[in-house]
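The chain contents come next:
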Amino acid sequence: MTVTRFAPSPNGPLHLGHAYSAIVAHDLAKERGGRFLLRIEDIDGARSRPEMADEFRADLAWLGLEWEEVPAQSTRIAAYAQSAERLKAEGLLYSCRCTRGEIAAAATTVGPDGPVYPGTCRGRGVNPAGAAWRLDVAEALRRTGPLTWSDERAGEQAARPELGGDPVLVRKDAETPASYHLAVTVDDAADGVTLVTRGTDLFPASHLHRLLQELLALPVLVWHHHPLLLDADGQKLAKRRGSPSLADRRLAGDDGHALAVALRAGRLPAGITFGE
Ligand code: GLU
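Remember, it's a predicted structure, so these values are computed and weren't measured experimentally. (Residues numbered from 1 in each chain as written. Predicted model: local features only at pLDDT ≥ 70, side-chain atom pairs only at ≥ 80, totals over all residues. Heavy atoms only, no water.)

Undergrad: Sorry if this is basic, but what is going on with the environment of G34 here?
TA: You can see G34 is positioned in the loop between α1 (16-31) and β2 (35-38). Given the relative accessible area of 12%, G34 is considered buried. Counting along the chain gives 160 residues from G34 to T194, while the straight-line C-alpha distance between them is 9.8 Å. Filtering out sequence-adjacent residues up to four positions away, G34 remains in contact with M1, T2 and A29. (Helix = DSSP H or I, 4+ residues; strand = E, 2+ residues; numbered from the N terminus. Buried < 20%, exposed > 50% of the residue type's maximum accessible area, 1.4 Å probe, protein only. Contact = heavy atoms within 4.5 Å.)

Here is the structure:
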């Protein structure tokens with residue numbers, strides 16, 4: 001059975017791009033007789049605002065969607081810690097205390113998320129107290145051998161997790177220690193997701209998530225990265241760039257069902273276009 005999910009982070013209101021993402025995930029599940037899940041990704045401690053999750057639910061209902069909610073990430077810290085311990089025990093993680101500034105200064109390549117960590121602390125045995133833990137991607141790939149994954153739109157992919165550098169899987173922040181990459185991989189398996197639907201901005205992350213699935217012996221999922229909605233400058237919609245939120249539209253009395261119909265038909269408000 002197809003199981004999809006919409007996994008928003010409660011650190012800012014949902015906007016039109018989120019509405020499109022939720023509708024894609026919802027419709028792909030429903031067309032195939034499957035299930036559509038909502039998961040609140042609330043482990044970004046400093047920026048998370050729990051009350052926003054209620055707004056999200058109201059937004060999805062306003063769009064006419066129906067969902068099943070699965071546990072929020074903040075309830076699953078122990079599961080992430082367990083997965084991290086497993087990778088540590090296998091010698092696949094190393095401690096790192098580099099600051100953003102140090103990484104920016106040492107990096108020789110820039111990836112979609114900024115300067116690519118150049119592996120400074122690999123093999124150095126940095127004091128682990130209060131350090132972050134990174135995955136040694138080269139060593140991990142030596143153990144797994146070449147991996148592939150499949151995207152419903154882009155087709156079969158050779159996994160290239162090395163392009164993003166060695167990612168942080170355990171953050172310095174003791175309150176919410178798991179990084180997005182570890183948490184989302186553990187959660188998608190725990191929630192029984194079969195089809196990961198999300199925007200193409202997260203396409204590069206899927207190379208890494210495929211590797212993590214292999215290392216943690218989790219089911220291999222299929223992905224569906226959908227086009228992003230872009231503003232008049234060709235930038236992806238974001239609250240900080242002034243895109244009106246769904247809550248603004250909802251509270252102004254706009255018709256959410258009509259908006260969902262328009263998005264499904266590919267009719268976007270003036271000035272907004274589909275990217276790749
Ligand atoms: N929580 C992530 C976000 O809001 C989405 C994660 C995902 O779909 O994998 O950007």
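Undergrad: For this particular structure, what's the right way to read the nonpolar core?
TA: The nonpolar side chains of soluble globular proteins are, as a tendency, buried together. With 33 residues, the main nonpolar core has L87, L135, L182, L211 and L215 as its most contacted residues. Broken down by secondary-structure element, the contributors of at least two residues to this core are α3 (77-89), β7 (132-135), α5 (137-144), β10 (168-170), α6 (180-190) and α7 (203-215). Among the elements that take part in this core, α7 stands out by supplying five residues, more than any other. In contact with L87, other than residues within four places in its own chain, are L92, L93, L169, L212, L215 and L216. Grouped together as the second largest cluster of nonpolar side chains are 30 residues, L16, A29, L60 and A72 included. (Core = buried A, V, L, I, M, F, W, Y, C linked by side-chain atoms within 4.5 Å.)

Undergrad: For this particular structure, what's the right way to read the sheet that holds β10?
TA: Backbone hydrogen bonds hold the strands of a sheet together, and the pairing may be parallel or antiparallel. One open sheet holds the three strands; their spatial order is β4-β7-β10, and the pairing between them is antiparallel. Looking at strand neighbours, the two that pair on one side only are β4 (93-96) and β10, the edges of this open sheet. Averaged over all pairs of adjacent strands, the angle between strand axes in this sheet comes to 45°, irrespective of strand direction. For β7 and β10, the ladder comprises two bridges, and the chain directions are antiparallel. Considered in β10, the bridge of W133 is made with V170. Sheet strands in contact with α3 are β4, β7 and β10, and its direction is about 100° off that of β4. (Pairing = 2+ DSSP bridges. Axes fitted to C-alpha atoms, helices over the stretch in contact; angles between N-to-C directions.)

Undergrad: So what exactly am I meant to see when it comes to the sheet that holds strand β1 (residues 3-6) here?
TA: Taken together, three strands build an open sheet; the order of strands is β1-β2-β3 and the sheet is parallel. Each edge of the open sheet carries a strand with a single partner, namely β1 and β3 (68-69). In the sheet, β2 pairs with β3 via two bridges, with the strands oriented parallel. Looking across to β3, one finds that L37 is bridged to E68.

Undergrad: I would appreciate a short explanation of the pattern of salt bridges in the present structure.
TA: Charged atoms that come close allow side chains of opposite charge to pair. If you walk through the whole model with that rule in mind, you get 24 salt bridges. Put simply, R39 and D188 hold a salt bridge, and the shortest N to O gap is 3.0 Å. Highlighted residues: R39 in the loop between β2 and α2 (52-62) and D188 in helix α6, separated in sequence by 149 residues. A residue is classified by how much of its surface remains accessible, and R39, at 0% relative accessible area, is buried. (Salt bridge = Lys/Arg side-chain N within 4 Å of Asp/Glu carboxyl O.)

Undergrad: Is there a simple way to explain α2 in this structure?
TA: Every α-helix winds through 3.6 residues per turn, so residues three or four apart in the chain are directed the same way. All of the buried residues in α2 are M52, A53, F56, D59, L60 and W62. Summarising the contacts, the buried residues of α2 are in contact with β1, α1, β2, α8 (246-251) and α9 (256-264).

Undergrad: What am I meant to see in the environment of W67 here?
TA: Mapped onto the elements of the fold, W67 is located in the loop between α2 and β3. For W67, a relative accessible area of 26% puts it in the partly exposed group. Separated by 49 residues in sequence, W67 and V116 place their C-alpha atoms 37 Å apart. Here W67 is in contact with F36, L38, R57, L60 and A61, once residues within four sequence places are set aside.

Undergrad: So what exactly am I meant to see when it comes to the site of the ligand here?
TA: Within the structure, the ligand sits among R5, A7, P8, S9, E41, Y180, V184, R198 and L202. A7 places a main-chain nitrogen or oxygen 2.7 Å from a nitrogen atom of the ligand. R198 places a polar side-chain atom, nitrogen or oxygen, 2.8 Å from an oxygen atom of the ligand. Relative to its unbound accessible surface of 300 Å², the ligand loses 76% to contact with the protein. Here the residues of the shell around the ligand sort into five nonpolar, one polar and three charged. (Near = heavy atom within 4 Å. Polar contact = N/O pair within 3.5 Å; in protein donor to acceptor, adjacent residues only side chain to side chain. Areas by Shrake-Rupley, 256 points an atom, 1.4 Å probe, with all protein chains shown as cover. Nonpolar A, V, L, I, M, F, W, Y, C, P; charged D, E, K, R; others polar.)

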